[in-house]
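Single-letter residue listing:
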Amino acid sequence: AIAFAVRYYDLQINLSLLVMAGLVVAAWYLGRGPGLLLLGMIWLSALILTPSQSNASLPIWIISQISVLAVFAFIILLVSGRRSNEQALRRQSELFRTTLSSIGDGVIATDVEGRITFINLEAEHLTGCPSEDALDRPLAEILDLHRESTGEPLRDIFADVRRNGSPKAENEDLILRSCKGGEVPVILNAAPIKDVDGAFLGAVIVFQNVTSRRESEKAVLESEARLLQAQKIEAVGTLTGGIAHDFNNLLTAILGHTQLALRKLPKHDPIRRSLIEVEKAGDRGAVLTKKLLAFSRRQHLDRHVIDLNKAIAEMLSLMERVIGANITVTFRKDEALPPVFADPAQIEQVV
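Residues numbered from 1 in each chain as written. Predicted model: local features only at pLDDT ≥ 70, side-chain atom pairs only at ≥ 80, totals over all residues. Heavy atoms only, no water.

Caption draft 1: Spatial organisation of the overall build of the protein. Counting secondary structure elements, the protein contains 13 helices and 9 strands. Classification of the 351 residues of the protein by burial places 26% in the buried group. Within the protein, residue pairs in contact and separated by at least 24 positions form 55% of the contacts whose partners lie at least 6 positions apart. (Helix = DSSP H or I, 4+ residues; strand = E, 2+ residues; numbered from the N terminus. Buried < 20%, exposed > 50% of the residue type's maximum accessible area, 1.4 Å probe, protein only. Contact = heavy atoms within 4.5 Å.)

This is the structure:
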């Protein structure tokens, strides 16, 4: 158009070219409505300000004006439509990138040759490679995956997806080695990107950091182990309580018959000394039974005023057997300690 205007210099032609350029710029940057409005204003101004030099009849003049308006209006609609389509595609692309950048999983997209065309923020963080370094590089250079159990590198994900043409999942035993030297356990899903005709355009790889999930699973397993141990302890306590209760019944019979025998024997009978030792042993067994019942928590509270120093001193022998011979227990009394109102068995249980 410029070459034509220079070659055939004419004021009307040059003005037409300038008007066309102005309308194109207005339609591109302002849109369809402002472009058509500007066309109407220019056309009315031309009718008012430009003197008529045409000798054509009125119908031919009207047809020529309508033709000029139609041509310029078509240019405006074409340019503004193209601009609108480009803006819609740009908004859709920005929405797509914003969405993929906002999700908590790493996302990498490649072209048909396996070169990276998109990498979101989480993928940058997990791989340790910023987008400006990752774009247009082969996928295998950025996504360094290995088997956790063997350390064997994972074969090319892109090649598998391209060859099979179907999604591929790796849900366990994967380690992602970062470009900065770190290692992260991940699970991975890869799928082909196809157009409406089914032609292969590239691949998309989605991978997730499962460190927190593994820690949660480990915590669950530890909780289950602690629960099992608590159940075992509860079972031992129940068994201990049952045995202590039966043993206490036996001690009651032993002590009862011993005391009856002591009453019937003369004071100087030699057998009396042996029965007294039996009674002492029975009393010690009763104390031990009481402690076992307290351990199994099957004894009712028996609160009264006690001396803590004395109560703890009496249980040292049992404590030493519980904690083992490789630990030494040192007990320091507080002579100024006041008495307390409590159940001695519960105090022993706390200690």
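Caption draft 2: Structural detail: helix α9 (residues 211–264). With 54 residues, α9 should cover 80 Å at 1.5 Å per step; its first-to-last C-alpha distance of 78 Å lies within 8% of that length. By the burial criterion, the buried members of α9 are Gly 237, Thr 240, Gly 241, Ala 244, Leu 251, Leu 255, Thr 258 and Leu 262. (Expected span 1.5 Å × (residues − 1).)

Caption draft 3: Region of interest: the pattern of salt bridges. Evaluation of the coordinates by the stated rule reveals 5 salt bridges. A salt bridge links Arg 137 to Glu 141, with the shortest nitrogen-to-oxygen separation between them at 3.2 Å. In this structure, Asp 160 and Arg 163 form a salt bridge, with 2.5 Å as the shortest nitrogen-oxygen distance. With Asp 160 and Arg 163 both in helix α8 (residues 157–164), this residue pair falls 3 residues apart, about one helical turn. A residue is classified by how much of its surface remains accessible, and Arg 163, at 56% relative accessible area, is exposed. (Salt bridge = Lys/Arg side-chain N within 4 Å of Asp/Glu carboxyl O.)

Caption draft 4: The nonpolar core, seen in detail. Ranked by internal contacts, the top residues of the largest apolar core, which has 24 residues, are Ile 108, Leu 143, Leu 145, Ile 157, Leu 188, Ile 205 and Phe 207. Of all the elements in the fold, those that place two or more residues in this core are β2 (116–119), α5 (121–127), α7 (139–142), α8, β5 (174–177), β6 (183–194) and β7 (200–209). Of all the elements, β6 adds the most residues to this core, at 4 residues. Setting aside chain neighbours within four positions, we find Leu 143 in contact with Ile 108, Thr 127, Leu 176, Leu 188, Ile 205 and Phe 207. (Core = buried A, V, L, I, M, F, W, Y, C linked by side-chain atoms within 4.5 Å.)

Caption draft 5: Representation of the side chain of Asp 160 in the model. A relative accessible area of 4% means that Asp 160 is categorised as buried. Side-chain polar atoms of Asp 160 contact the side chain of Arg 163, separated by 2.5 Å. Other than its neighbours up to four places away in sequence, Asp 160 contacts Arg 155, Gly 165 and Lys 168. (Polar contact = N/O pair within 3.5 Å; in protein donor to acceptor, adjacent residues only side chain to side chain.)

Caption draft 6: Structural detail: the environment of Ser 178. Structurally, Ser 178 can be placed in the loop between β5 and β6. Between the C-alpha atom of Ser 178 and that of Thr 127, which follows or precedes it by 51 residues, the distance is 4.5 Å. Apart from the residues lying within four places of it in its own chain, the contact partners of Ser 178 are Leu 126, Thr 127 and Gly 128. A polar side-chain atom of Ser 178 sits 3.1 Å from the main-chain amide nitrogen of Lys 180.

Caption draft 7: Representation of the packing of aromatic side chains. For the structure shown, the criterion picks out 1 aromatic pair. An angle of 55° between the planes, with centres 5.9 Å apart, marks the rings of Phe 158 and Phe 200 as tilted. Remark: Phe 200 occurs in strand β7 and Phe 158 occurs in helix α8; sequence separation between them is 42 residues. Looking at Phe 158, the relative accessible area reads 7%, which means it is buried. (Phe/Tyr/Trp six-rings, centres within 6.5 Å; stacked < 30°, edge-to-face > 60°.)

Caption draft 8: Region of interest: a nonpolar patch on the surface. Together, Phe 247, Leu 250, Ile 254 and Val 278 line one region of the surface with nonpolar side chains, adding up to about 340 Å² of accessible area. With 3 residues, α9 is the single largest residue contributor to the nonpolar patch. Residue classification places Ile 254 among the partly exposed residues on the basis of a relative accessible area of 41%. (Patch = residues over 30% accessible without salt bridge, like charges linked within 9 Å, V, L, I, M, F, W, Y side chains within 5 Å. Areas by Shrake-Rupley, 256 points an atom, 1.4 Å probe, with all protein chains shown as cover.)

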